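Each chain, letter by letter, is given below.
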Amino acid sequence: MRIEVTFADRVGIAHEILAVLALRRLNVVGVEVDPPLIHIDAPGLDPAALPALSDALRAIAGVRSVAAIDMLPGTRRRLHLDALLAALPDPVLAVDRKARVVVASAAAAEVAGLPESQLAGFDIGELFGEAELTRDLTAGGFRMSGREVTLNGQPFLLEVTPIVDVEAAGAVVTLFTPSRLGERLDAIQNLDELGAGGGFARILGESPPVRALKARAARVAAMEAPLLILGETGTGKELIAHACHRASPRRDKPFLALNCAAVPENLAESELFGYAPGSFTGAQRGGKPGLLELAHGGTVFLDEIGEMSAYLQAKLLRFLNDGSFRRIGGEREQKVDVRVISATHRSLEAMVADHSFREDLFYRLNVLTLIVPPLRERGQDILLLARHFIARAAAQARRPPGRLTPAAAAALLANRWPGNVRQLENVIFRAVTMSDGGVLDAADLELAGAGMQSAELPAEEADSWESAVEGFERTLLRRLYPRFPSSRKLAARLATSHTMIANKLRKYGIPER
Ligand SMILES: Nc1ncnc2c1ncn2[C@@H]1O[C@H](COP(=O)(O)OP(=O)(O)OP(=O)(O)O)[C@@H](O)[C@H]1O
């Protein structure tokens, strides 16, 4: 049981109180002294024995009262702090003066993909895969805001609040998710550090299509007209939109994003255009400005524009025509200066043809266009990106960065990547966390599904059952062999005997390595 003793502060009194418990052979597992109180956790203390103990304690000069309590105040405080940490929606980390994590919120542990206990002690620069972050934080007295970082492939804006004791004792680091519904990226104003290249340096890739894309993006970034970014899912459209904003004269103003696919029409409307005071039940009393107002002077990024409803398409078109709009339920016409960058993985031309997207809006949005190539057309960039993601995932998992075996590299290059860079990022992250570190082999990469699909043979090409089956076998083995480069590994992958696989490899002239 736990007790609270009230006493008049004098030298040695805490010691005398504990001596009384020791004399009764009571094991003490927790003591908190906070004069005029001392709290003691003695699990062996029986409630029936409390009156006698109380008498013995009150016999000590200065002890005033003894009472039973249900929990030590420190334990209660810790419980509340844990609940508080678990309830914080944004990931939060407290770091010490060397920028090592001391405490992490549940949200921080979740994005880092590590239990909270394992996050403690992590060097913050190592966690984010940016060694210079630790140096910048400690050298700058933990003053930093709006720095962009990625954790586990997710971009965040880092806000740092120093904890000042006599000198800097560390800081509280909060991670804000940028560019999601309604989130305000005003903090991105701190972008001078990015230099003349804007954010284009973060778009990795040296292949000719990516070089051409970056060159064109740098040119269109500075222009005022709307920009439409086209490309398959996960190709980096949002990254590019962001980089274009940062390379534009609007860089010191907000970049605000709305994902049209993620929200229903009415919410998208109020996020974009805002609402007037008293416009509907449950609305904020004073009304609310929308992204267009908040981004005045800056950029609004409309992701998945192909999913926008017909009603909102009409409202957006009006805004693009003369820069004016009304809040929901509002009387007043507003005029703002905002550049619209939109993106989609759909063919807007096809949508215009089947009347699901307004033709006039299409021409308004499509004044300037960037086409982002799919990952499978970026050649060796696949490996460059894979190595970058390996280094980042390894830093997060506190492992030395592993390397790809030639078979793994071949498998990455041969894959079709329907989910593009995001899929590569995920595949690598999974492989790094699941592997023992060191080398990443083809079998560590979860790519089998994609390989199997492309092993299919078009039915028209079959002139007999036999030749169709042979064609399928040949394609299947050729596709899987780079990732499972021995008859044994291939047999394990295909759940069959290795003798059969060895025979087939011989039959189709695929040399065993
Ligand atoms: N060239 C690149 N270099 C480094 N990281 C990249 C690159 N392209 C994409 N990424 C990363 O891949 C992920 C997906 O990128 P992004 O969200 O910009 O794609 P998207 O085309 O907008 O996707 P969606 O169509 O699903 O909205 C992000 O984590 C991004 O940082």
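Note that the structure is predicted; figures quoted are calculated from it, not measured.

Caption draft 1: How the structure looks around the site of the ligand. Taken together, 18 residues are adjacent to the ligand, and L204, G236, K237, E238 and V421 come closest. Elements that contribute at least two residues to the shell around the ligand include exactly helix 9 (237–246) and helix 17 (420–434). In this structure, the shell around the ligand is formed jointly by two domains, domain 3 (192–371) and domain 4 (375–452), each of which donates at least three residues.

Caption draft 2: Up close: the nonpolar core. If you look at the biggest cluster of nonpolar residues, it comprises 44 residues, and the most contacted ones within it are A217, I229, I240, C244, L291, L292 and V300. When sequence neighbours within four positions are dropped, the list of residues in contact with L292 reads L272, F273, V300, F319, F325, V336 and V338. Counting residues in each nonpolar core, the second largest holds 34 residues, with V427, L440, Y481 and L490 among its members.

Caption draft 3: View of the pairing of strand 17 (residues 339–344). Buried residues dominate strand 17, accounting for six of its six residues. Side chains R339, I341 and A343 of strand 17 all project onto a buried face; the interleaved residues V340, S342 and T344 project onto the opposite face, where all are buried too. Pairing between strand 10 (residues 227–230) and strand 17: four bridges, direction parallel. Bridge pairing in strand 17 links I229 to A343.

Caption draft 4: Expanded view of unusual backbone geometry. The amide bond that connects P35 to the next residue, P36, takes the cis arrangement and shows omega of 10 degrees. Residue position: P36 is located in the loop between strand 2 (30–34) and strand 3 (37–41). Phi at R25 takes a positive value of approximately 55 degrees, unusual for a residue other than glycine. Along the chain, R25 falls in the loop between helix 1 (13–23) and strand 2. A count of 7 C-beta atoms within 10 Å places R25 in the exposed class. For W417, which is not glycine, the phi torsion reads 50 degrees and is therefore positive. Tracing the chain through its elements places W417 in the loop between helix 16 (406–414) and helix 17.

Caption draft 5: Seen up close, the pairing of strand 3. Because side chains alternate across strand 3, one face comprises the buried residues I38 and I40, and the other comprises L37, H39 and D41, none of which is buried. As paired strands, strand 1 (residues 2–7) and strand 3 are joined by five bridges and run antiparallel to one another. Residue pairing in the sheet places V5 in a bridge with I38 of strand 3. By the bridge criterion, five bridges tie strand 2 to strand 3 in an arrangement that is antiparallel. Its bridge partner lying in strand 3, E32 is registered against H39.

Caption draft 6: Summary view of the packing of helix 10 (residues 265–273) against helix 12 (residues 310–322). Where helix 10 contacts helix 12, the axes come no closer than 10 Å and their chain directions differ by 15 degrees. Relative to helix 12, the element helix 10 is oriented roughly parallel. The hand of the helix 10/helix 12 crossing is right-handed. Between helix 10 and helix 12, the contacting residues are E265, A268, E269 and F273 on the first element and Y311, L312 and K315 on the second. For the contact of helix 10 with helix 12, the residue count by class is four nonpolar, no polar and three charged.

Caption draft 7: How the structure looks around the environment of F128. Residue placement: F128 occurs in the loop between helix 6 (124–127) and helix 7 (131–139). The buried category is assigned to F128, around which 24 C-beta atoms lie within 10 Å. Taking the C-alpha atoms as reference points, F128 and T150, 22 residues apart in sequence, are found 6.2 Å from one another. Not counting residues up to four positions away in its chain, the partners in contact with F128 are L133, V149, T150 and L151.

Caption draft 8: Region of interest: the sheet that holds strand 10. The sheet built from five strands is open, its strands ordered 11-14-17-10-18 with parallel pairing. Strands with a single pairing partner mark the edges of an open sheet, and in this sheet they are strand 11 (255–259) and strand 18 (368–371). Mean inter-strand twist for the sheet, computed between neighbouring axes without regard to direction, equals 20 degrees. Direction of pairing for strand 14 (residues 299–303) relative to strand 17: parallel, over a ladder of four bridges. From the neighbouring strand, F301 faces strand 17, where its bridge partner is I341. Across the sheet, helix 8 (residues 208–221) touches strand 10 and strand 18, and the angle it forms with strand 18 is around 160 degrees. Relative to the sheet, helix 9 contacts strand 10, strand 11, strand 14, strand 17 and strand 18, its axis offset from that of strand 17 by approximately 165 degrees.

Caption draft 9: Quick peek at the sheet that holds strand 1. Across the sheet, which stays open at both edges, the four strands sit in the order 2-3-1-4 with antiparallel pairing between neighbours. Looking along the sheet, the strands with just one partner apiece sit at the ends: strand 2 and strand 4 (63–69). Direction aside, neighbouring strands of the sheet carry axes that sit 15 degrees apart on average. On top of the sheet, helix 1 reaches strand 1, strand 2, strand 3 and strand 4; it is set at about 30 degrees to strand 3, its chief contact.

About the criteria used
- Residues numbered from 1 in each chain as written.
- Predicted model: local features only at pLDDT ≥ 70, side-chain atom pairs only at ≥ 80, totals over all residues.
- Near = placed C-beta within 6 Å.
- Helix = DSSP H or I, 4+ residues; strand = E, 2+ residues; numbered from the N terminus.
- Domains from an automatic or database assignment.
- Core = buried A, V, L, I, M, F, W, Y, C linked by C-beta atoms within 7 Å.
- Buried ≥ 20, exposed ≤ 12 C-beta atoms within 10 Å, placed from the backbone.
- Contact = placed C-beta atoms within 7 Å.
- Pairing = 2+ DSSP bridges.
- Axes fitted to C-alpha atoms, helices over the stretch in contact; angles between N-to-C directions.
- Parallel < 35°, antiparallel > 145°, perpendicular 65-115°, else oblique.
- Left-handed = near helix turned anticlockwise from the far one by under 90°.
- Nonpolar A, V, L, I, M, F, W, Y, C, P; charged D, E, K, R; others polar.

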